[in-house]
Amino acid sequence: MGRPVILLGHGRLGSAIVEGWLSTHTLRPADLIILARSDSPALRALAARGVRVNPDPADLPADAVWVLAVKPKVWREAVEPWRAHVGPQAVVLSVMAGVSLSQTAEPFEAPVVRVMPTTGVAQGRGIASAWAEDERGWAAARALFRPIADLVELSGEDRMDAATAVAGCGPAYVLALAQSMARAGEAQGLTAEDADRLARGALRSAAAVLDGEGSLDEMIGRIASPGGVTEAGLRVLAADGALDDLAARTTQAAVDKARAV
Ligand SMILES: NC(=O)c1ccc[n+]([C@@H]2O[C@H](COP(=O)([O-])OP(=O)(O)OC[C@H]3O[C@@H](n4cnc5c(N)ncnc54)[C@H](OP(=O)(O)O)[C@@H]3O)[C@@H](O)[C@H]2O)c1
């Protein structure tokens, strides 16, 4: 990454992004500045590694990528003290959910890009959707997120809510399905503890399969041999489009909520 990065907000997502950047050497500690409101052991540890935490505002570089990782409700007041430091050579990269590109651009002269990552970026295995309207924004998103996430470049900002519902909310939905499977296992006579371990193991196995080649359909096909035990269950899941219908309604609810924020 050729530019220094200034991160505003070192909470759950901000700290996950920093962990990903440093462990993948996307950024050198000296090229990262964190502007945080509260002190924390994690911030002190980063400072000891050479990350600059809350430096003198006069030392903020003019050509930085500003990463906004504060809550959407407080973002305007959070950026207010820094507005004058975000010059036209800077890039503003927002990871805030539900704040549009045009809203984010209002206080700044710099180009803006939206990236919606998951906290899997901490392990360099996140998924992120991006949308920008100019090449400098895209360049910043690619440089900072390709090393830590599978970066999906959307074809329009109006796709951001659907992308968030599938990738951001999706892990909770998949975990909820595993929870239901554990309950079903219990109903079949497994102890609660065994059912829970088995359901977690099933999720881990599914995740391991994802590292292989092929479409999701092919991956399912490799587990479910024709006429076998798995296929018998899949027939029930797919009956009358029940699973697709449930997934469609679940996604719609998440998209509706995102649009109402
Ligand atoms: N968590 C996720 O998985 C996820 C995924 C996609 C997008 N996002 C987006 O990422 C953003 C952050 O979410 P989060 O889950 O990381 O929230 P969070 O854990 O509450 O983190 C927000 C951080 O912002 C800090 N902050 C608030 N006002 C500030 C200010 N004026 N100056 C500097 N720092 C300030 C907070 O500090 P204090 O602790 O002092 O309040 C906190 O550390 C949100 O916009 C959210 O929509 C999150």
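1. Description of the overall build of the protein
In step 1: Looking only at helices and strands, one finds 11 helices and 8 strands in the protein.
In step 2: Dimensions along the principal axes, computed over C-alpha positions, put the protein at roughly 70 × 40 × 35 Å.
In step 3: Counting over 261 residues, the protein shows a buried share of 39%.
In step 4: Restricting to contacts in the protein with at least 6 residues of sequence separation, those with at least 24 account for 57%.
In step 5: Carbon and sulfur atoms make up 55% of the accessible area of the protein, which amounts to about 14,700 Å² in all.

2. Here's the deal with the site of the ligand
In step 1: Around the ligand, the structure places 21 residues, and the nearest of them are R12, L13, R37, S38 and V70.
In step 2: Considered on its own, the ligand offers 890 Å² of accessible surface; in the complex 75% of this is hidden by protein.
In step 3: Every element with two or more residues in the shell around the ligand is listed here: α1 (12–23) and β6 (112–117).
In step 4: Partitioning the shell around the ligand into residue classes produces 13 nonpolar, 5 polar and 3 charged.

3. Remarks on the domain arrangement of the protein
In step 1: Partitioning the protein into structural domains gives domain 1 (5–155) and domain 2 (170–260).
In step 2: Taking the mean C-alpha position of each, domain 1 and domain 2 sit 34 Å from one another.

4. Regarding the packing of aromatic side chains
In step 1: Counted according to the given criterion, the structure contains 3 aromatic pairs.
In step 2: Taken together, a centroid distance of 6.3 Å and an interplanar angle of 65° make the contact between W21 and F145 edge-to-face. Of the two residues, W21 is situated in helix α1 and F145 in helix α5 (residues 135–145); the sequence distance between them amounts to 124 residues.
In step 3: Arranged with centres 6.4 Å apart and planes meeting at 40°, the rings of W66 and W82 form a pair that is tilted. Here the residue W66 occupies a position in strand β4 (residues 65–68), and W82 occupies one in the loop between α3 (75–79) and β5 (91–94), the gap between them amounting to 16 residues. W82 shares its class with W66; the two are buried.

5. Regarding the pattern of salt bridges
In step 1: Taken as a whole, this structure holds 14 salt bridges when the rule is applied.
In step 2: Here D31 makes a salt bridge to R28, at a shortest N to O gap of 3.1 Å.
In step 3: A relative accessible area of 53% means that R28 is categorised as exposed.
In step 4: Ionic pairing is found between R146 and E153, a salt bridge with its closest N-O pair at 3.1 Å.
In step 5: Each of the salt bridges in this network shares a partner with another, and the network as a whole consists of E135, R142, R146 and E153.

6. Re the nonpolar core
In step 1: Core analysis: the largest hydrophobic core is formed by 63 residues, its most contacted members being W21, V115 and F145.
In step 2: It is α1 that provides the largest number of residues to this core, a total of 6 residues.
In step 3: Not counting chain neighbours up to four residues away, the residues in contact with F145 comprise I17, W21, L93, V95, V115, P117 and L151.

7. Focus on the pairing of strand β7 (residues 126–132)
In step 1: Of all 7 residues that make up β7, 6 are buried, and the element is covered over most of its length.
In step 2: Sheet topology places β6 next to β7; 5 bridges connect them, and they run antiparallel. What sits directly across from P117, in β7, is A128.
In step 3: As judged from the 5 bridges shared by β7 and strand β8 (residues 149–153), these two strands associate in the parallel manner. Within β8, the position partnered with A128 by the bridge is L151.
In step 4: What joins β7 to β8 is α5, and the crossover it makes is right-handed.

Conventions used here
- The residue numbers shown here count from 1 along each chain, following its written sequence.
- Only residues with pLDDT of 70 or above have their local features reported here, since the model is predicted, and side-chain atom pairs are shown and tallied only from 80 upward, although totals for entire chains, interfaces and linings are computed over all residues.
- Hydrogen atoms and water are omitted, and side-chain values are computed over all heavy atoms in the structure.
- For the purposes of this entry, the term helix denotes a DSSP run of H or I that reaches at least four residues, the term strand denotes a run of E that reaches at least two, and both are numbered from the N terminus.
- Note on classification: 1.4 Å probe, protein chains only; a residue is buried when its accessible area is under 20% of the maximum for its type, exposed when over 50%, partly exposed between these limits.
- By the convention used here, residues are in contact when the closest approach between their heavy atoms is within 4.5 Å.
- In short, Shrake-Rupley with a 1.4 Å probe defines the accessible areas, and a residue's cover is counted only from the protein chains shown.
- Here a residue is considered near a molecule or strand provided that any single heavy atom belonging to it is located within 4 Å of it.
- In this classification, Asp, Glu, Lys and Arg are treated as charged, Ala, Val, Leu, Ile, Met, Phe, Trp, Tyr, Cys and Pro as nonpolar, and every other residue, Gly included, as polar.
- Note that the domain bounds were set by an automatic or database domain assignment.
- Paired rings are identified among Phe, Tyr and Trp, the last through its six-membered ring, by centres lying within 6.5 Å, and are further divided according to the angle between planes into stacked (under 30 degrees), edge-to-face (over 60) and tilted (the rest).
- The working definition used for a salt bridge is a side-chain nitrogen of Lys or Arg within 4 Å of a carboxyl oxygen of Asp or Glu.
- Throughout this description, the term nonpolar core refers to a set of buried Ala, Val, Leu, Ile, Met, Phe, Trp, Tyr and Cys residues connected via side-chain atoms within 4.5 Å.
- Whether two strands pair depends on DSSP finding at least two bridges between them.
- Classification remark: right-handed applies to a crossover when, strands pointing away from the viewer, the course from the first strand over the helix to the second runs clockwise.

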